[in-house]
Amino acid sequence: MIQNVGNHLRRGLSSVFSSRSARKSASRADKDGGAMAAGEGYRNPTEVQMSQLVLPCHTNQRGELSVGQLLKWIDTAACLSAERHAGCPCVTASMDDIYFEHTISVGQVVNIKAKVNRAFNSSMEVGIQVASEDLCSEKQWSVCKALATFVAHRELSRVKLKPITPRTEEEKTEHSVAAERRRMRLVYADTIKDLLANCVIQDDLESRDCSHTVPAEKTRVESVELVLPPHANHQGNTFGGQIMAWMENVATIAASMEVGVCVEAYRQEAETHRRHINSAFMTFVVLDADDQPQTLPWIRPQPGDGERRYREASARKKIRLDRKYIVSCKQAEMPLSVPWDPSNQVYLSYNNVSSLKMLVAKDDWVLSSETNQIRLYTLEEDKFLAFHLEMLVHVDATQAFLLLSDLCRRPEWDKHCRSVELVQQVDEDDAIYHIISPALGGDTKPQDFVVLASRRKPCDNGDPYVIALRSVTLPTHRETPEYRRGETICSGFCFWREGDQLTKVSYYNQATPGFLNYVTTNVAGLSSEFYTTFKACEQFLLDNRNDLAPSLQTL
């Protein structure tokens, strides 16, 4: 018994961060170049690993690790990872949606791994993975994944972060997609406004049985916390994780379904002005004695701001669902065509671009053949076959990007596009097109496609210009007997600037079943249509490099 307690205490005290020697070896690996990237000896120099034994003082009333305590540990590990890269103090700016997949009990171990995915000017995205293990049964399971944004801060000088150099396929994918996630965060407030302005929120406030409603004012909870030394971090300030723990505690007391929490700060010396620190919205599920979700009474909002918050909660619920089922879906799990809806355009655009970036970042591309300085690569995975064509063109990267962004001009060089109609210019970066192509192989009917085209300029030096394409469904353009509806799940162009008036142009396509026979025929060398089409694309770029459409020059 005493020996077991001693073992638990030793484990509890071993809240282990990577050692100094591990940091030195990671630094040496970074200097040695990419040689060790694929080997077992490589370790990301920003990576922080932390293990904590769950003790009774860490739990809630159910005897499970409290979310607030877990958020504190997550924030601590993520902050150390950010500071390891920045070389100066960092503060938590935001935390993306977190979905907790598993509860953690007393005596189990929480393992947290954090590393910087990408650095921007003074901010950086940190990816966090949380797993748990039972030391007795040796079982392990995933608890959650999180993305946090940290800002580097110095008192007397402006911070300019050094860029992250990704080495592994996973790091390249996260680095590439981080720019798209940042773009989505920056438009979050506008997304909420658009939803409230353009969508009818079906709240049914007047038709509900008021005898089973709870006034929102009765769920209000206010807590005042005095910041003491145990609440401070190594910078002497209370930190994001501690604030999130306080917020979770208050939200649990008020819990209904979505709980809004606002944090303000003020000094004790009779300060009347309160500083807004941050706000959060937490979603709770109330469980019965059998751990099954309970039905909750409706909330009756107060007039004015209460009704506004009520409707905003509906908008946030939609955004959470969009993020969970559109953004978080693996590429192979996405349906070929997804319904287009203006209310989820931000997330469909994100998924469109990120899917292409993930395909580009794959390490397993194999050079299949090379003809007339055009290279054909293939990628074979369990669930799909993809191909990738690459060439160097003596055209400026921006010009090539602008020319191929206008899909209405694609019939000028691609014989597989008979006509292209611009159906909807969604915004500056996204548009929906209806494309008609001739019949392929033994088909008697021509094909038509409805595609979302999303284009992106580089976020940093070294990033490509991107044109991503994927199929969507529109009620105005349903499938007709005249055409066989074709679909593309992931395709598009990337443009890398290789020098003055020299661009590497790459086209990627994940083959769908209806297109597979055509792809395999070309990959096997039984047809040269890939090369002739891409060569025609090169000639189109050369012929039109000084003839950009005025409407595209504003990009």
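Residues numbered from 1 in each chain as written. Predicted model: local features only at pLDDT ≥ 70, side-chain atom pairs only at ≥ 80, totals over all residues. Heavy atoms only, no water.

Identification of the chain as Acyl-CoA thioesterase 11 from Equus caballus is taken from an unreviewed UniProt entry. Here the chain is described in UniProt, under the heading Catalytic activity (unreviewed entry), as follows: "butanoyl-CoA + H2O = butanoate + CoA + H(+)". Taken from UniProt, the Pathway (unreviewed entry) comment for the chain reads in full: "Lipid metabolism; fatty acid metabolism." (UniProt positions renumbered as here; feature names shortened; annotations may be inferred.)

Considerations on the packing of helix 9 (residues 397-405) against helix 11 (residues 529-543)
Two elements in contact, helix 9 and helix 11, have axes whose closest approach is 10 Å; the angle formed by their N-to-C orientations is 110 degrees. By the angle between their directions, the pair helix 9 and helix 11 is classed as roughly perpendicular. Helix-helix and strand crossings are classified by hand; for helix 9 and helix 11 the assignment is right-handed. Seen from helix 9, the contacting residues are A400, L403 and L404; seen from helix 11, they are C537, F540 and L541. (Axes fitted to C-alpha atoms, helices over the stretch in contact; angles between N-to-C directions. Helix = DSSP H or I, 4+ residues; strand = E, 2+ residues; numbered from the N terminus. Parallel < 35°, antiparallel > 145°, perpendicular 65-115°, else oblique. Left-handed = near helix turned anticlockwise from the far one by under 90°. Contact = heavy atoms within 4.5 Å.)

Let's talk about helix 11
The first and last C-alpha atoms of helix 11 sit 21 Å apart over 15 residues, in line with the 21 Å expected at 1.5 Å per residue. Taken as a whole, helix 11 has its buried residues at F530, Y531, T533, F534, C537, E538, F540 and L541. (Expected span 1.5 Å × (residues − 1). Buried < 20%, exposed > 50% of the residue type's maximum accessible area, 1.4 Å probe, protein only.)

Side note on the sheet that holds strand 3 (residues 109-119)
The strand order across the open sheet built from 5 strands is 1-3-4-5-2, with neighbouring strands paired in antiparallel fashion. Each of the sheet's edge strands pairs with one partner strand only, and the pair in question is strand 1 (48-53) and strand 2 (90-95). Going across the sheet, the axis of each strand differs from the next one's by a mean of 30 degrees, ignoring polarity. Pairing of strand 2 with strand 5 (residues 139-152), which is carried by 5 bridges, proceeds in the antiparallel orientation. Paired with T92 across the bridge in strand 5 is F150. The sheet contacts of helix 3 (residues 67-86) involve strand 1, strand 2, strand 3, strand 4 (123-134) and strand 5, and relative to strand 3 the element is tilted by about 40 degrees. Packed onto the sheet, helix 4 (residues 169-186) meets strand 3, strand 4 and strand 5 and runs at close to 75 degrees relative to strand 3. (Pairing = 2+ DSSP bridges.)

Details of the environment of N352
With respect to the helices and strands, N352 occurs in helix 8 (residues 345-360). We classify N352 as buried; its relative accessible area is 3%. Distance from N352 to I467, taken between C-alpha atoms, is 9.4 Å for residues 115 residues apart in sequence. Residue contacts for N352: discarding those within four places in its chain leaves L452, A453, S454, A468, L469 and R470. Separated by 3.2 Å, the side chain of N352 and the backbone oxygen of L452 make a polar contact. (Polar contact = N/O pair within 3.5 Å; in protein donor to acceptor, adjacent residues only side chain to side chain.)

Thoughts on the side chain of H388
Relative to the assigned elements, H388 resides in strand 13 (residues 385-393). Among the residues examined, H388 registers a relative accessible area of 5% and is labelled buried. Within polar-contact distance, the side chain of H388 engages the side chain of S506 at 3.4 Å. At 3.4 Å, the side chain of H388 forms a polar contact with the side chain of Y508. With residues near it in sequence (within four places) discarded, H388 still touches W365, R375, L376, Y377, S506, Y507 and Y508.

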